[in-house]
Amino acid sequence: MKSGVIAVIGRANAGKSSLINVLVGEKISIVSPKPQTTRDRILGILNEEDYQMVFVDTPGMYKADNVLNAYMQKTVEDSQKDVDVILLVIDVHEGLKRSDIANLEKFAKGKIKPIVVLTKIDIMPEKELIMELGRLSEYGLDIVPVSARKNKNLKELKKVILSYLPEGDRLYDENIISDKSEKFMIAEIMREKLLLKFDEEIPHGTAIIVNTFKLKDNGVYDINLDIVCEKQNHKAILIGRGGKAIKEASSFAREAMEKFLGRKVFLTTYVKVKENWRDNNSLIKEFGYKEDID
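This is a predicted model, so every value here is computed, not measured.

(A) Quick look at the pattern of salt bridges. Tallied over the entire structure, the rule returns 13 salt bridges. With its nearest N and O atoms 4.0 Å apart, the salt bridge here joins Arg170 to Glu174. One salt bridge connects Lys272 with Asp226, and the closest N-O pair in it is separated by 3.3 Å. Taken together, the positions of Lys272 in strand 9 (residues 265–273) and Asp226 in strand 8 (residues 221–229) put the pair 46 residues apart, joining distant regions of the chain. By relative accessible area, which is 41% here, Lys272 ends up partly exposed.

(B) Spatial organisation of the sheet that holds strand 5 (residues 115–119). Spatially, 2-3-1-4-5-6 is the arrangement adopted by the six strands of the open sheet, whose pairing is mixed. Sheet topology places strand 2 (42–47) and strand 6 (143–145) at the edges, where each strand pairs with a single neighbour. Neighbour-to-neighbour, the strand axes of this sheet turn through a mean angle of 25°, independent of strand direction. Alignment of strand 5 against strand 6, held across three bridges, turns out to be parallel. Considered in strand 6, the bridge of Val117 is made with Val144. Running at roughly 165° to strand 4 (residues 85–91), helix 3 (residues 98–108) makes contact with strand 1 (2–10), strand 4 and strand 5 of the sheet. This element, helix 5 (residues 154–164), spans strand 1, strand 2, strand 3 (51–57), strand 4, strand 5 and strand 6 of the sheet and lies at about 100° to strand 3.

(C) Summary view of the packing of helix 6 (residues 182–197) against helix 9 (residues 244–261). The contact between helix 6 and helix 9 brings their axes to 9 Å, and the two run at 140°. Between helix 6 and helix 9, the crossing angle belongs to the class labelled oblique. The interaxial crossing formed by helix 6 with helix 9 has right-handed handedness. Here helix 6 contributes Glu182, Met185, Ile186, Ile189, Met190, Lys193, Leu194 and Lys197 to the contact with helix 9, which in turn contributes Ala245, Glu248, Ala249, Ser250, Phe252, Ala253, Ala256, Met257, Phe260 and Leu261.

(D) Structural context of the side chain of Glu188. Relative to the helices and strands, Glu188 resides in helix 6. By relative accessible area, Glu188 is classed as buried at 7%. Residues within four places of Glu188 in sequence aside, it is in contact with Ile30 and Ile42.

(E) Here's a closer look at the environment of Phe107. For Phe107, the location among the structural elements is in helix 3. Residue classification places Phe107 among the buried positions, given a relative accessible area of 4%. Through-space distance from the C-alpha of Phe107 to that of Leu88 is 8.3 Å; in sequence the pair is 19 residues apart.

(F) Here's a closer look at the sheet that holds strand 8. Pairing in this open sheet of three strands is mixed, and the strands run 7-8-9 from one edge to the other. Pairing within the sheet leaves two strands with one partner each, and these edge strands are strand 7 (207–215) and strand 9. Taking the axes of each pair of neighbouring strands and ignoring which way they run, one obtains an average angle of 15° across the sheet. Across nine bridges, the pairing between strand 8 and strand 9 is parallel. Across the sheet, the residue bridging to Leu225 is Thr269, located in strand 9. Along the sheet face, helix 8 (residues 232–239) touches strand 8 and strand 9 and points at about 155° away from the line of strand 9. Contacts from helix 9 reach strand 7, strand 8 and strand 9, with the element oriented near 135° to strand 9.

(G) Quick look at the packing of aromatic side chains. This structure, assessed with the given rule, holds two aromatic pairs. Measuring from ring centre to ring centre gives 5.0 Å for Phe213 and Tyr221, while their planes differ by 20°; the resulting arrangement is stacked. Using a relative accessible area of 25% as the deciding quantity, one classes Phe213 as partly exposed. Ring geometry for Trp277 and Phe287: centres 5.3 Å apart, planes at 70°, overall edge-to-face. Here Trp277, found in the loop between strand 9 and helix 10 (281–286), pairs with Phe287, found in the segment after helix 10; they are ten residues apart in sequence, far enough to count as distant. Judged by its relative accessible area of 0%, Trp277 falls in the buried class. Overall, the relative accessible area of 10% leaves Phe287 in the buried class. The ring of Phe184 is capped by Lys180, whose NZ or CZ atom sits 4.9 Å from the centre of that ring. When the ring centre of Phe198 is taken as reference, the NZ or CZ atom of Lys197 above it lies at 5.8 Å.

Basis of the calculations
Residues numbered from 1 in each chain as written. Predicted model: local features only at pLDDT ≥ 70, side-chain atom pairs only at ≥ 80, totals over all residues. Heavy atoms only, no water. Salt bridge = Lys/Arg side-chain N within 4 Å of Asp/Glu carboxyl O. Helix = DSSP H or I, 4+ residues; strand = E, 2+ residues; numbered from the N terminus. Buried < 20%, exposed > 50% of the residue type's maximum accessible area, 1.4 Å probe, protein only. Pairing = 2+ DSSP bridges. Axes fitted to C-alpha atoms, helices over the stretch in contact; angles between N-to-C directions. Contact = heavy atoms within 4.5 Å. Parallel < 35°, antiparallel > 145°, perpendicular 65-115°, else oblique. Left-handed = near helix turned anticlockwise from the far one by under 90°. Phe/Tyr/Trp six-rings, centres within 6.5 Å; stacked < 30°, edge-to-face > 60°. Lys NZ or Arg CZ within 6 Å of the ring centre and 35° of its normal.

See the structure below:
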């Protein structure tokens with residue numbers, strides 16, 4: 001029996017969450033084409049008969065420009081401690097970035113040598129992939145090109161990860177696939193739909209507060225939540241003319257929540273303003289980001 005913790009690290013929008021969702025076989029983390037989608041450290045647990053892989057999804061690595069982002073970068077750093085394996089995820093479909101090279105050099109010198117995972121290979125020419133593999137070979141690291149969307153080379157990735165894992169008992173009960181609650185995932189699903197519907201800055205400045213999460217006697221979940229944004233004009237955009245925008249986003253979210261929970265959902269949403277909450281320590285902690293970020 002093998003088991004261990006695998007930190008999944010990489011720059012923003014490299015495809016870390018999509019990769020973990022496919023490896024675990026369940027929706028553990030929300031995904032969107034925008035950077036900064038993942039804010040928290042989230043565990044996704046793959047249970048097989050002879051091994052358990054505990055994946056740690058992390059926010060993307062980038063320069064922090066507010067207190068919330070500083071919290072997220074601290075989360076990335078903390079997630080690299082006390083793990084057995086590091087997956088360094090690199091999106092190569094547009095070529096290697098300077099930040100990718102910097103990360104490679106940093107982690108290659110570290111105590112734990114990373115497995116380099118090249119993502120989104122389904123949308124890049126084979127010649128370019130071969131060229132990038134040649135550039136990366138000088139670091140002497142295991143490199144696995146994959147496509148989460150096309151389910152390509154994931155068996156090989158699991159095989160390589162397994163070769164790094166130590167012998168040991170399961171770290172979590174085999175029926176557990178994540179450390180996050182259903183209530184947490186409901187808030188994340190709402191935020192995912194905002195990321196997909198609205199322009200970049202507005203959803204990045206939102207927080208979701210779940211006020212009510214209750215399964216009623218009739219088998220329907222009663223969910224009441226607040227969408228907190230930073231500016232009055234953002235509130236107006238989120239609500240839309242005649243409430244059209246928030247109704248559409250809430251409808252998409254409700255459908256996704258019903259799929260996730262396997263039950264009908266009665267969803268009520270309110271939009272509130274908390275000026276510049278991403279730079280307010282007390283509000284950040286109130287909204288669920290509780291690590292010490294001072």
